[in-house]
Amino acid sequence: MGNPTGAILLSVALAALFCVGAEGKVKDGFRGYKVYRVTPSNEKHAQFLMDLQKSLEAQLMTDEIDIWTDTESLSTKADQPVVIMVSPEHQPEMLQTFDAEGLKYEETVADLARLIEEESRADAPTTKNGGMSWTQYHNYSTIESFVQWLTVNYPTIVSTSVIGQSYEGRNLHLSKVGKPRADGKTKPAVWFDSQIHAREWIASATLTYMMNELITGYSSNSTYQRLLDQVDIYVLWVINADGFEWTKTSSNERLWRTTRRVNPFAACLGADPNRNYDHKWMVSGAVQSPCTQTYAGAFPFSEIENLHHTEAYLARRKEIKCLLTFHSFSQVWLTPWGYDNSLPADYPELYDLGVRATNALRVPYGTVYRVGSSTALLGSAAGATDDWGKAKGMTKYSYTVELRPSSGGSNGFILPPNQIIPSGIETLRAVIVVLQQIIDEFGPILNTE
Ligand SMILES: [Zn+2]
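What you are looking at is a predicted structure, and each value in this text was computed from that prediction instead of being measured. For every chain, the first residue of its written sequence is number 1, and the numbers climb from 1 along that sequence. Where totals are concerned, whole chains, interfaces and linings use all residues; where local detail is concerned, this predicted model gives features only for residues with pLDDT of at least 70, and gives and counts side-chain atom pairs only at 80 or more. Just so you know, side-chain values use all the structure's heavy atoms and leave hydrogens and water out.

**Student:** What's the story with the overall build of the chain in this structure? I'm lost.
**Tutor:** Looking only at helices and strands, the chain features 13 helices and 12 strands. C-alpha atoms define the radius of gyration in this analysis, and the globule rule sets the expected value at 2.2 Å times the number of residues to the power 0.38. Against the compact-globule benchmark of 22 Å for 449 residues, the chain has a radius of gyration of 21 Å, which places it among compact chains. Across its three principal axes, the chain shows a C-alpha extent of roughly 70 × 50 × 45 Å. In the chain, the share of contacts with a sequence separation of at least 24, taken over all contacts with a separation of at least 6, comes to 77%. For the chain, the distance from the average position of its 39 positive side-chain charges to the average position of its 50 negative side-chain charges is 6 Å. Each helix is a run of H or I in the DSSP string that is no shorter than four residues. Each strand is a run of E no shorter than two, and both are numbered from the N terminus. Here a residue-residue contact requires only that any non-hydrogen atoms of the pair lie within 4.5 Å. Counted as positive: Lys and Arg. Counted as negative: Asp and Glu. His and the chain ends are not counted at all. Where a charge lies is defined by one atom per residue type: Lys uses NZ, Arg uses CZ, Asp uses CG and Glu uses CD.

Now the structure itself:
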């Protein structure tokens, strides 16, 4: 906040907001909650939103008012719209505050509960693809059945292992997808994972769609065949299995983000696994308060899912030349570094591939992605997967992909199921560009001695 008047206005506005009883628990599946798109038009507005976000986190208010960004660490750039969820009790004060600050806003979701109900609609059960489909969002056990189905039905190109169990005991499945070379030599590989953040359902939906296309299309599609003959894809389907399953238990829990581990000495469960990796842990964009969305954990790799992920990754590190970790939302293709505003020495190459991938992504539906470092586009946040992949995994092309909708996209994390297939189709276009780059740059065989 650049001037004293503004600072006073902000503190008064926040005080008013927080005086209304903040019990912090969602009831009745977000009934009456609204979502607003707010567009800061100058630096003061952007600063106001950042201050608001910090205050909401500090006051444990994010069940009531939540600025929906994936990072919880807004960029200071003006003109980049954000979406804000507001409970019925806080709507009058929030709108007064927007007006007082001169912030432009529009209501984009009139009743969040209805949106969640529509999103949760289930189709008639199918026996195809292990019960999996892409016209609805499925739970973890269906994704497990789907992975099992792929493994059994496409044994020449898919193998799957369990790399460990989640905190609550769910199996974490890692598949290797690709045709082994006849001479047994090692191909270059990529690593895809998703759903480290529980509420970002489009992430695993898109990843499963793409892998289903590549695997079931292998025998009939010459492009898929050529790619899978020359590159291996490691797929850690769902990292945060417990958190993901928790979002399925009740509509009140739909926006759960973190893991489900019991924190000693704290009433709140879980930590943000995408702040829990051991490269530059807690340097920025993370906090040490267990009841916040970006709690980094008591120490690096406090979350067992992160530990299993990185152990499996490091065992294959010499093969892996690219990491794509799928999130939502904002439509951004992010490179390291996320811990501060420095850039890797080979950033121009990472940027170039990101641009080519997102140009291909744009073709089917005109969906526009921005490309840049995490810090430049979303604000700094240390301890995330992509930084770890680059620094500790020693993977050249390490990216976080934030899927639909755009940063001002009205539905935020609640993307209607009829967008799963379009998201899958367009993202697969980008993935094909990435796979081809890895083959061209690192193929045909690796010396992993
Ligand atoms: Zn995320």
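**Student:** Any chance you could explain the packing of helix H10 (residues 347–365) against helix H13 (residues 420–442) here in plain terms?
**Tutor:** When two helices pack together, their arrangement is captured by the angle between the axes and the distance separating the axes. For the pair H10 and H13, interaxial distance at closest approach is 8 Å and the crossing angle is 145°. Handedness of the H10/H13 crossing: right-handed. Seen from H10, the contacting residues are Glu349, Leu353, Arg356, Ala357, Ala360, Leu361, Val363, Pro364 and Tyr365; seen from H13, they are Pro422, Ile425, Glu426, Thr427, Arg429, Ala430, Val433, Val434, Gln437 and Glu441. Note on geometry: axes are lines fitted to C-alpha atoms, helical ones only across the stretch in contact, with angles between N-to-C directions running from 0 to 180 degrees. Should the near helix be turned anticlockwise from the far one by less than a right angle, the crossing is termed left-handed; should it be turned clockwise, right-handed.

**Student:** When you look at the UniProt feature "domain: Peptidase M14" (unreviewed entry) in the chain in this model, what are you seeing that I'm missing?
**Tutor:** UniProt positions are given in the numbering used here, feature names are shortened, and annotations may be inferred rather than shown by experiment. According to UniProt, the positions carrying the feature "domain: Peptidase M14" (unreviewed entry) are residues 136–438. Secondary structure content for residues 136–438 is 36% helix and 18% strand, and the end C-alpha separation is 32 Å.

**Student:** Got a minute to help me understand the sheet that holds strand S9 (residues 320–330) in this structure?
**Tutor:** The strands that make up a sheet pair up through hydrogen bonds in the backbone, lying either parallel or antiparallel. Following DSSP output, two strands are said to pair if at least two bridges run between them. Strands sit in the order S5-S6-S8-S7-S9-S12-S10-S11 across an open sheet of 8 strands; the sheet is mixed. Across the chains shown, the open sheet's two edge strands, defined by having one partner strand only, are strand S5 (158–165) and strand S11 (370–373). Here the average twist between neighbouring strands, direction ignored, is 20°. In this structure, strand S10 (residues 332–335) lies alongside S11, joined through 4 bridges in parallel fashion. Following the sheet pairing, leucine 334 is matched in S11 by glycine 372. The sheet contacts of helix H5 (residues 140–153) involve S5 and strand S6 (171–177), and relative to S6 the element is tilted by about 35°.

**Student:** In this structure, what is going on with the packing of H5 against helix H6 (residues 201–216)? I would like to understand it.
**Tutor:** Interhelical geometry of H5 versus H6 gives an angle of 15° and a closest axis separation of 12 Å. In terms of their interaxial angle, H5 and H6 are classed as roughly parallel. As for the relative orientation of H5 and H6, their crossing is left-handed in sense. Packed against H5, whose contacting residues are Ile143, Phe146, Trp149 and Leu150, the element H6 presents Ser204, Thr208, Asn212, Ile215 and Thr216 at the interface. By the convention adopted, Pro, Cys, Tyr, Trp, Phe, Met, Ile, Leu, Val and Ala count as nonpolar, Lys, Arg, Asp and Glu as charged, and the other residues, Gly among them, as polar. Residues that form the contact of H5 with H6 fall into these classes: 5 nonpolar, 4 polar and no charged. When an angle is under 35 degrees it counts as roughly parallel; over 145 it counts as roughly antiparallel; between 65 and 115 it counts as roughly perpendicular; any other value is oblique.

**Student:** How should I be thinking about the packing of aromatic side chains in this particular structure?
**Tutor:** Geometry of an aromatic ring pair is reported as the spacing of the ring centres plus the angle between the planes. Planes of paired rings set the category: under 30 degrees apart is stacked, over 60 is edge-to-face and the rest tilted, where pairs are Phe, Tyr or Trp rings (Trp by its six-membered ring) whose centres lie within 6.5 Å. Applying the stated rule across the entire model yields 20 aromatic pairs. Between tyrosine 36 and phenylalanine 98, the aromatic rings sit 6.3 Å apart at their centres with planes inclined by 75°, giving edge-to-face as the arrangement. One end of the pair, tyrosine 36, is in strand S1 (residues 34–39); the other, phenylalanine 98, is in helix H3 (residues 91–101), with 62 residues separating them in the sequence. No difference in accessibility class separates tyrosine 36 from phenylalanine 98, as the two residues are buried. A ring pair is formed by tyrosine 277 and tryptophan 388, whose centres lie 6.0 Å apart and whose planes are at 40°; its orientation type is tilted. Of this pair, tyrosine 277 sits in the loop between helix H8 (241–249) and helix H9 (304–315) while tryptophan 388 sits in helix H12 (residues 385–391), placing them 111 residues apart in sequence. Since its relative accessible area comes to 0%, tyrosine 277 is described here as buried. Within the aromatic cluster, the residues linked to one another by ring pairs are Trp191, Tyr234, Tyr277, Phe301, Tyr313 and Trp388. Note on exposure labels: buried denotes an accessible area under 20% of the residue type's maximum, exposed denotes more than 50%, and partly exposed covers the range between, all computed with a 1.4 Å probe on protein chains only.

**Student:** Explain the domain arrangement of the chain here, please?
**Tutor:** You'll often see interface size given as the accessible area lost when the parts meet. In this document the domain limits rely on a domain assignment from an automatic tool or a database. Once the domains are mapped, the chain shows domain 1 (28–119) and domain 2 (128–442). In this complex, domain 1 contributes 30 residues to the contact, which on the side of domain 2 involves 35 residues. By convention, the term buried area covers the 1.4 Å-probe accessible surface removed from two parts as they join, with the contributions of both added. Regarding the contact of domain 1 and domain 2, the summed buried area is about 2,500 Å², with carbon and sulfur atoms giving 52% of it. Whenever a carboxyl oxygen of Asp or Glu lies within 4 Å of a side-chain nitrogen of Lys or Arg, that contact is scored as a salt bridge. Linking domain 1 with domain 2 are 2 salt bridges. Between arginine 254 and glutamate 119 there is a salt bridge, with the nearest N and O atoms lying 2.8 Å from each other. Distance and chemistry together define a polar contact, namely a pair of N or O atoms within 3.5 Å, with one atom able to donate a hydrogen and the other to accept it when in protein, and with adjacent residues in sequence counting only for side-chain atoms on both sides. Taken together, the connections running from domain 1 to domain 2 amount to 4 residue pairs in polar contact (both at pLDDT 80 or more).

**Student:** Please clarify how the pairing of S9 should be interpreted in this entry.
**Tutor:** Working note: regular strand, side chains alternate between the two faces of the sheet. Summarising burial for S9: 11 of the 11 residues are buried, a large majority. For strand S7 (residues 189–194) and S9, the ladder comprises 6 bridges, and the chain directions are parallel. Paired with alanine 189 across the two strands is isoleucine 320, which belongs to S9. Relative to strand S12 (residues 397–406), S9 runs parallel, the two being bridged by 8 bridges. Note on S12: the bridge partner recorded for leucine 323 is serine 398.

**Student:** For this particular structure, what's the right way to read the sheet that holds strand S4 (residues 104–109)?
**Tutor:** The 4 strands are arranged S2-S3-S1-S4 in an open sheet whose pairing can be described as antiparallel. A single partner strand is all that each edge strand has here, and the edge strands are strand S2 (65–67) and S4. Neighbour to neighbour, the strand axes of the sheet diverge by 25° on average, direction disregarded. Direction of pairing for S1 relative to strand S3 (residues 82–86): antiparallel, over a ladder of 5 bridges. In the sheet register, valine 38 faces S3, and the bridge partner there is valine 82. Strands in contact with helix H2 (residues 43–58) are S1, S2 and S3; relative to S2, the strand with the most contacts, it is inclined by about 130°.

**Student:** Just to check I follow, could you spell out the state of the cysteines for this structure?
**Tutor:** The term disulfide refers to a covalent linkage connecting the sulfur atoms of a pair of cysteines. Throughout, disulfides are identified as pairs of cysteine sulfur atoms within 2.5 Å of each other. For the structure on display, the rule yields 1 disulfide. Between the sulfur atoms of cysteine 268 and its disulfide mate cysteine 291 the distance is 1.9 Å. With the S-S bond torsion at 95°, the cross-link from cysteine 268 to cysteine 291 turns out right-handed. Taken together, the residues span a long stretch of sequence, with cysteine 268 in the loop between H8 and H9 and cysteine 291 in the loop between H8 and H9 at a distance of 23 residues. A residue is classified by how much of its surface remains accessible, and cysteine 291, at 30% relative accessible area, is partly exposed.

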